[in-house]
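For reference, the chains in residue letters:
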Amino acid sequence: MARAGCLAGLVMAAACAAASLQAESIGSAATSVGSNASGNFMWALPSQAGDVSAWPDLLGPDLLGPHLVEPVLFGKRKRRKAAICDDLDIQGEAVGVVPGKLNGCGATDAVRVRAVSGVTLSQQSVMTCETAQALKHWVEKGVQPAFRKDVVGLRVAAHYSCRTRNNRPGAKISEHGRGKAIDISGFILKNGDVITVLEGWKSRKTHKQLEKAWKAACGPFGTVLGPRSDRYHQDHFHLDTARHRGGPYCR
Ligand SMILES: [Zn+2]
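Read on for an overview of the structure. (Residues numbered from 1 in each chain as written. Predicted model: local features only at pLDDT ≥ 70, side-chain atom pairs only at ≥ 80, totals over all residues.)

As a further point, take the overall build of the protein chain. Scanning the protein chain for helices and strands turns up nine helices and 10 strands. Residue pairs at least 24 apart in sequence account for 55% of intrachain contacts in the protein chain once pairs closer than 6 positions are excluded. (Helix = DSSP H or I, 4+ residues; strand = E, 2+ residues; numbered from the N terminus. Contact = placed C-beta atoms within 7 Å.)

Listed below in structure tokens is the structure:
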């Protein structure tokens, strides 16, 4: 991953190392740190490094060494660091390139989302920024109104996964394989209750709320599938940002 110009000077080396790291895939990012060609970026001292605040956000604390960790982690900077997709309401971390093991899988500029608009995902989920933004939009304008602003978490059943549609051999690559889809199987409320799609859809008490949330996803997302669509979607909402010529496909 060495880049031209990455061998000039300590600070440059550190910046380049971080830039290379950013471009690495999820799996190999951690291992590439130790084996970087320049090898000496860990030695940069504050006096040599100049203005730390001017360094790119890409530099993680473990790359900076003990002297430089403190100023980076304090204050607004920390909050901004956790913001992704140029949006303070989308929290997580940048992932970069996700290589696909099947033809048609993978994503560029992917992110790993931890929370949107204060609503935590039950598992950190890899997706594109376009999908993260759709999710945020849906949570704010669809999910919270449907559940009287009581939702604090989303139960994520699936996010990025390189596979065919409904896991059927020979079928087209799923939007999950492109970082454009997320499956939501439940809504976690302030009081600790979890409204699941599987049970809640059949319950007289919660069906209306779930239906409202499901309907509101149609638009921010190009494809929305729920219990009404087919047997594969009895226990979750499938939401993806694939766009269709005839408008959103919602069942
Ligand atoms: Zn799905």
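Another point: the environment of valine 119. By the element assignment, valine 119 lies in strand β4 (residues 119–127). Here valine 119 falls in the partly exposed class, since 19 other C-beta atoms lie within 10 Å of it. The spacing of valine 119 and aspartate 89 is 30 residues in sequence and 9.5 Å in space, taken between C-alpha atoms. Sequence-distant contacts of valine 119, that is, excluding residues within four places in its chain, are made with Val139, Val151, Val152, Gly153 and Leu154. (Buried ≥ 20, exposed ≤ 12 C-beta atoms within 10 Å, placed from the backbone.)

Backbone geometry places aspartate 109, a non-glycine residue, at a positive phi of 55°. Relative to the assigned elements, aspartate 109 resides in strand β3 (residues 106–116). Residue class for aspartate 109 comes out partly exposed when judged on the 14 C-beta atoms lying within 10 Å of it.

Let's shift gears to the pairing of strand β9 (residues 237–240). Across the two faces of β9 the burial is the same, with Phe237 and Leu239 and His238 and Asp240 all buried. Pairing analysis gives four bridges linking strand β6 (residues 181–189) to β9, with the strands arranged antiparallel. Considered in β9, the bridge of isoleucine 184 is made with phenylalanine 237. (Pairing = 2+ DSSP bridges.)

What follows deals with the pairing of β4. The two faces of the sheet receive side chains in turn, since in a regular strand these alternate between them. Pairing between β3 and β4: five bridges, direction antiparallel. The partner of alanine 115 across the bridge, within β4, is threonine 120. In textbook terms, the turn of a hairpin is the stretch between consecutive antiparallel strands, and for β3 and β4 this stretch comprises two residues, one of which, serine 117, has a positive phi near 45°. Inspection of the sheet shows β4 paired to strand β5 (residues 151–158) by two bridges, in the parallel sense. Across the sheet, leucine 121 pairs through a bridge with leucine 154, a residue of β5. Remark: the β4/helix α7 (residues 129–146)/β5 crossover connection has left-handed handedness. (Right-handed = clockwise from strand over helix to strand, strands pointing away.)

It is worth spelling out the environment of cysteine 105 at this point. Tracing the backbone through its elements, the reader meets cysteine 105 in the loop between β2 (87–99) and β3. Excluding anything up to four places from it in sequence, cysteine 105 contacts Gly100, Cys162, Ile173, Gly177 and Arg178.

Within the fold, cysteine 250 resides in strand β10 (residues 249–250). If we ignore the near neighbours within four places in the chain, the residues touching cysteine 250 are Cys218 and Val224.

An α-helical turn contains 3.6 residues, so any two residues separated by three or four positions project in the same direction. Restricting attention to buried positions, one finds in helix α9 (residues 207–216) the residues Gln209, Leu210, Ala213, Trp214 and Ala216. Seen end-on, α9 carries its buried residues on one side only, within an arc spanning 170°. Against the buried residues of α9 lie α7, β7 (194–196), α8 (197–200), β8 (223–225) and β9. (Arc of directions from axis to C-beta.)

What follows concerns the packing of α7 against α9. It is at 8 Å that the axes of α7 and α9 come closest, and there the two elements cross at 165°. Our classification of the angle between α7 and α9 gives roughly antiparallel. Between α7 and α9 lies a crossing whose hand is right-handed. Residue-level contacts link Trp138, Lys141, Gly142, Val143 and Ala146 of α7 to Gln209, Lys212, Ala213 and Ala216 of α9. When grouped by side-chain class, the residues that make up the contact of α7 with α9 number five nonpolar, two polar and two charged. (Axes fitted to C-alpha atoms, helices over the stretch in contact; angles between N-to-C directions. Parallel < 35°, antiparallel > 145°, perpendicular 65-115°, else oblique. Left-handed = near helix turned anticlockwise from the far one by under 90°. Nonpolar A, V, L, I, M, F, W, Y, C, P; charged D, E, K, R; others polar.)

What follows covers α7. Look at α7: 24 Å from first C-alpha to last across 18 residues, which is about the 26 Å you get at 1.5 Å a residue. Considering bend angle alone, the principal kink of α7 is centred on valine 139 and spans about 40°. Among all positions of α7, only Thr131, Ala132, Ala134, Leu135, Lys136, Trp138, Val139, Gly142, Val143 and Ala146 are buried. Where the residues of α7 are buried, they touch β2, β3, β4, β5, β6 and α9. Positive phi appears at arginine 148, one or two residues downstream of α7, with a value of about 50°. (Expected span 1.5 Å × (residues − 1). Bend = angle between axes of the 7 residues up to and from the residue.)

The values are spatial; any link to function lies outside them.
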